[in-house]
Amino acid sequence: MNVKIEKTWKEVLQTEFDSPYFKTLTDKIREEYKQKVIFPKGSLIFNAFNLCPFDAVKVVILGQDPYHELGQAHGLAFSVPEGIALPPSLLNIYKEIENDLGTAPVKNGDLSRWAKQGVLLLNSTLTVEQHRAASHQGLGWETFTDKVIQILSAKREHIVFLLWGSFAIKKSNLIDKSKHLVLSSPHPSPLSAYRGFFGNKHFSQANNYLISFNKEPIVW
């Protein structure tokens, strides 16, 4: 299958794109787009990959599925386009960055600036129906994104994986911890941030790890 995605990702993921499960998945998703309001728009489904080539990945932040209200989702986990109100989880991420690093991050919610520095903002499910959180879970996206994590783990070294919340933490078994740094904590949602997301110091730990392997730290 000819998927429109950044060329280095296309090379490492072509076997997935050619597999029967991916054809079944894309057939389902096409029908969903025809019949319902689905986010993000089709051209942004692989935005996280297009902004952060395979060989450029330094950090992976794993989300669950896209925001499901109008104007929010643009293919990057936890991110919203500039001008859109910051979702509660992203507000808490920014609070932890400021507490951890002592510097306030840019106050708009577009995390493209992270992606362009090597942060893969990967949702486990890449599409969602309007007003219906988690509506596309179980259609096959998880098979695909789990493979993305496994391929990064196998073919790359010294990546930082930030796993927030029980859903993301379950993905740690896909990662070779002898080659990569895995940092986990409760989710930044207001429901759980005070149980250990605040104070996790993941942003400084990630940068210190990157620096130790002569990589440029992320400007969070």
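Relevant structure appears above.
Residues numbered from 1 in each chain as written. Predicted model: local features only at pLDDT ≥ 70, side-chain atom pairs only at ≥ 80, totals over all residues. Heavy atoms only, no water.

Colleague: I'm lost on the overall build of the protein chain in this one. Help?
Modeller: Along the backbone of the protein chain there are eight helices and six strands. The linear arrangement of helices and strands in the protein chain, starting from the amino end, is α-α-β-α-β-α-α-β-β-α-β-α-β-α. Relative to a compact globule of 220 residues, whose C-alpha radius of gyration would be 17 Å, the protein chain shows 17 Å and is just as compact. The dimensions of the protein chain, computed from C-alpha atoms along their principal axes, are 45 × 35 × 25 Å. Counting over 220 residues, the protein chain shows a buried share of 53%. In the protein chain, of all internal contacts separated by at least 6 residues, the share reaching a separation of at least 24 is 65%. Approximately 10,100 Å² of the protein chain is accessible, and the part contributed by carbon and sulfur atoms is 54%. Averaging the locations of the 25 positively and 21 negatively charged side chains of the protein chain gives two centres separated by 1 Å. (Helix = DSSP H or I, 4+ residues; strand = E, 2+ residues; numbered from the N terminus. Rg over C-alpha atoms; globule rule 2.2 N^0.38 Å. Buried < 20%, exposed > 50% of the residue type's maximum accessible area, 1.4 Å probe, protein only. Contact = heavy atoms within 4.5 Å. Areas by Shrake-Rupley, 256 points an atom, 1.4 Å probe, with all protein chains shown as cover. Lys, Arg positive; Asp, Glu negative; His and termini not counted. Charge placed at Lys NZ, Arg CZ, Asp CG, Glu CD.)

Colleague: Sorry if this is basic, but what is going on with the pattern of salt bridges here?
Modeller: When the charged atoms of two side chains lie near each other, side chains of opposite charge can form a pair. On inspection of all chains with the given rule, the structure shows seven salt bridges. Residue Asp27 is joined to Arg30 by a salt bridge in which the shortest nitrogen-to-oxygen separation is 3.4 Å. Taken together, the positions of Asp27 and Arg30, both in helix α2 (residues 20–35) and three residues apart, correspond to about one turn of that helix. For Asp27, a relative accessible area of 33% corresponds to the partly exposed category. The class of Arg30 is partly exposed, set by a relative accessible area of 47%. Arg132 is the partner of Glu129 in a salt bridge, and the nearest nitrogen-oxygen pair spans 2.8 Å. Through salt bridges that share partners, Glu32, Lys36, Glu129 and Arg132 make up one connected network. (Salt bridge = Lys/Arg side-chain N within 4 Å of Asp/Glu carboxyl O.)

Colleague: Is there a simple way to explain the packing of helix α4 (residues 88–101) against helix α8 (residues 202–212) in this structure?
Modeller: Any two packed helices are characterised by the angle at which their axes cross and by the distance between the axes. Here α4 crosses α8 at 60°, and the two axes come no closer than 8 Å. When the interaxial angle is binned, α4 and α8 end up oblique. The segment α4 lies against α8, with Ile93, Glu96, Ile97, Asp100 and Leu101 engaging His202, Phe203 and Ser204. Split into classes, the residues belonging to the contact of α4 with α8 amount to four nonpolar, two polar and two charged. (Axes fitted to C-alpha atoms, helices over the stretch in contact; angles between N-to-C directions. Parallel < 35°, antiparallel > 145°, perpendicular 65-115°, else oblique. Nonpolar A, V, L, I, M, F, W, Y, C, P; charged D, E, K, R; others polar.)

Colleague: I would appreciate a short explanation of unusual backbone geometry in the present structure.
Modeller: Most peptide bonds take the trans configuration, and most residues that are not glycine carry a negative phi. Going from Phe39 to Pro40, the amide bond is cis rather than trans, its omega being -10°. Within the secondary structure layout, Pro40 lies in the loop between β1 (38–39) and α3 (47–51). With a phi angle near 70°, His131 is a residue other than glycine that sits in the positive phi range. On the accessibility criterion, His131 (53% relative accessible area) is exposed. Located in the positive-phi region is Asn214, a residue other than glycine, with phi close to 60°.

Colleague: So what exactly am I meant to see when it comes to the sheet that holds strand β2 (residues 59–63) here?
Modeller: Two pairing modes exist for strands in a sheet, parallel and antiparallel, and in both the strands are linked by backbone hydrogen bonds. The strand order across the open sheet formed by four strands is β3-β2-β5-β6, and the pairing between neighbours is parallel. If you trace the sheet from one side to the other, it starts and ends with β3 (119–123) and β6 (181–185), each paired once. Geometrically, the sheet is characterised by an average inter-axis angle of 20° between neighbouring strands, direction not taken into account. Here four bridges tie β2 to strand β5 (residues 160–164), and the two strands are oriented parallel to one another. Each bridged residue has a counterpart across the sheet, and for Ile61 the counterpart in β5 is Leu162. Here helix α6 (residues 141–155) sits on the sheet in contact with β2, β3 and β5, set at roughly 150° to β3. (Pairing = 2+ DSSP bridges.)

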